[in-house]
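Below, each chain spelled out in residue letters.
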Amino acid sequence: GQQVMQIPQYQHVQEGEDFTTYCNSSTTLSNIQWYKQRPGGHPVFLIQLVKSGEVKKQKRLTFQFGEAKKNSSLHITATQTTDVGTYFCAGFGGTSYGKLTFGQGTILTVHP
Amino acid sequence: ETGVTQTPRHLVMGMTNKKSLKCEQHLGHNAMYWYKQSAKKPLELMFVYNFKEQTENNSVPSRFSPECPNSSHLFLHLHTLQPEDSALYLCASSGLAQTDTQYFGPGTRLTVL
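The model shown is predicted, which means the values in this text are computed figures rather than measured ones. (Residues numbered from 1 in each chain as written. Chains lettered and ligands numbered in written order. Predicted model: local features only at pLDDT ≥ 70, side-chain atom pairs only at ≥ 80, totals over all residues. Heavy atoms only, no water.)

> I'd like a rundown of the overall build of chain B, residues and numbers included.
In terms of regular secondary structure, chain B is built from zero helices and 11 strands. Ordered by position from the N terminus, the helices and strands of chain B form the series β-β-β-β-β-β-β-β-β-β-β. On C-alpha atoms alone, chain B measures out to a radius of gyration of 13 Å, which is about the 13 Å that the 2.2 N^0.38 rule sets for 113 residues. Here the C-alpha coordinates of chain B stretch approximately 40 × 30 × 25 Å along the principal axes. Burial statistics for chain B: of 113 residues in total, 47% are counted as buried. A separation of at least 24 residues holds for 53% of the contacts in chain B among residues at least 6 apart in sequence. With the model as given, the accessible surface of chain B reaches about 5,400 Å², and the carbon-plus-sulfur share is 49%. (Helix = DSSP H or I, 4+ residues; strand = E, 2+ residues; numbered from the N terminus. Rg over C-alpha atoms; globule rule 2.2 N^0.38 Å. Buried < 20%, exposed > 50% of the residue type's maximum accessible area, 1.4 Å probe, protein only. Contact = heavy atoms within 4.5 Å. Areas by Shrake-Rupley, 256 points an atom, 1.4 Å probe, with all protein chains shown as cover.)

This is how it looks when you write it as structure tokens:
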């Protein structure tokens, strides 16, 4: 079945440093979504990428979708302590409706 | 955010108990989902319901029994669980288009003794 791998599993940074998490799918995706889960919270939708090679920005966050639509990345510029949490990518590529496949997530810790 | 609510927020149960988790969405969505999130595994999709009909059962043990009486409510009935079933159980809802995002509830933290 479809697999979505996400690396790294953990990332510790000093406040102000940049951060990147990568997502790779075993199959071509029709779209990819990114979610953030704060400690003790639940996943909250950040953004969706649909087009090959698409790049979207949200303030300090930059999201990319690969040309082959099998990989994606999330880059945070100049991290802040409010960025802490787990970042998940989730791909939809199957025929079963609603069957998003989530990556294992990257846990980001930001040291002040 | 109160679009998707879940009760209870915390639950401790013995292996012989029977309990139910409840999820309610106020977003007008027609698809609802149960996910399991444990420390060792990423978000695992358990069940998918579209218009009250179950469209996905991701090889979930029969000790978990879902129920969807209408598009706004989703239940997860639990019986004879195992300690390894302890996890955060998340409910989500969405529209029916492929590009629709999923909105998650706060989850129920389940501990099986």
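Next comes the rest of the account.
> Please give an account of the interface of chain B and chain A that cites residues and values.
At the junction of the two partners, chain B supplies 26 residues and chain A supplies 22 residues. Both sides together, the interface formed by chain B and chain A hides about 1,800 Å², and carbon and sulfur atoms give 55% of it. Looking at the side of chain B facing chain A, the largest losses of area belong to Leu43, Gln98 and Phe104 of chain B, adding up to 26% of the total buried there. Across the chain B-chain A interface, the total number found is zero salt bridges. Scanning the region where chain B abuts chain A turns up three residue pairs in polar contact (both at pLDDT 80 or more). Take the side of chain B that touches chain A: its biggest share by element is four residues, from strand S4 (residues 31-37) of chain B. In the side of chain B that touches chain A, the residues fall into 13 nonpolar, 10 polar and three charged. (Buried area = accessible area lost by both parts, 1.4 Å probe. Salt bridge = Lys/Arg side-chain N within 4 Å of Asp/Glu carboxyl O. Polar contact = N/O pair within 3.5 Å; in protein donor to acceptor, adjacent residues only side chain to side chain. Nonpolar A, V, L, I, M, F, W, Y, C, P; charged D, E, K, R; others polar.)

> Residues and numbers for the sheet that holds strand S1 (residues 4-7) of chain B, please.
Residue and element names in this part refer to chain B. With antiparallel pairing, the four strands of this open sheet are ordered in space as S1-S3-S8-S7. The open sheet has two edge strands with one neighbour each: S1 and strand S7 (64-70). The mean inter-strand angle of the sheet, taken between neighbouring strand axes irrespective of direction, is 20°. (Pairing = 2+ DSSP bridges. Axes fitted to C-alpha atoms, helices over the stretch in contact; angles between N-to-C directions.)

> Before we move on, can you summarise the pairing of strand S5 (residues 44-50) of chain B with the specific residues and values?
All names here are of chain B. Burial of S5 is extensive: six of the seven residues sit out of reach of the surface. In sequence, S4 turns back onto S5 through a hairpin of six residues. One ladder, built from four bridges, connects S5 with strand S6 (residues 53-57); its direction is antiparallel. In the strand pairing of S6, Asn50 is matched with Glu53. Between the antiparallel neighbours S5 and S6 lie two residues, among them Phe51 with a positive phi of about 50°.

> An account of the sheet that holds strand S3 (residues 19-25) of chain A is needed here, citing residue identities and associated values.
Residues and elements named next belong to chain A. As summarised here, the arrangement of the five strands in space is S1-S3-S8-S7-S6, forming an open sheet in which the pairing is antiparallel. Looking along the sheet, the strands with just one partner apiece sit at the ends: strand S1 (4-7) and strand S6 (55-58). Shown here is a sheet whose adjacent strand axes are inclined to one another by a mean of 15°, direction ignored. The sheet contact formed by S3 and strand S8 (residues 71-76) spans six bridges and is antiparallel. Paired with Asn24 across the two strands is Asn71, which belongs to S8.

> Tell me about the state of the cysteines, residues and numbers included.
In this structure the tally under the stated criterion is two disulfides over all chains. Between the sulfur atoms of Cys23 of chain A and its disulfide partner Cys89 of chain A the distance amounts to 1.9 Å. Measuring the twist about the S-S bond at about 75°, one finds the Cys23 of chain A-Cys89 of chain A disulfide to be right-handed. Taken together, the positions of Cys23 of chain A in strand S3 and Cys89 of chain A in strand S9 (residues 85-92) put the pair 66 residues apart, joining distant regions of the chain. What makes Cys23 of chain A buried here is its relative accessible area of 2%. Residue Cys89 of chain A is classed as buried on the basis of its relative accessible area, which comes to 0%. Paired by a disulfide, Cys23 of chain B and Cys91 of chain B hold their sulfur atoms 1.9 Å apart. Across the disulfide from Cys23 of chain B to Cys91 of chain B, rotation about the S-S bond amounts to roughly -70°, and the bridge is consequently left-handed. In this pair, Cys23 of chain B sits in strand S3 (residues 18-25) while Cys91 of chain B sits in strand S9 (residues 87-94), placing the two residues 68 residues apart along the sequence. Residue classification places Cys91 of chain B among the buried residues on the basis of a relative accessible area of 0%. (Disulfide = S-S within 2.5 Å.)

Distances and angles like these do not, on their own, reveal function.
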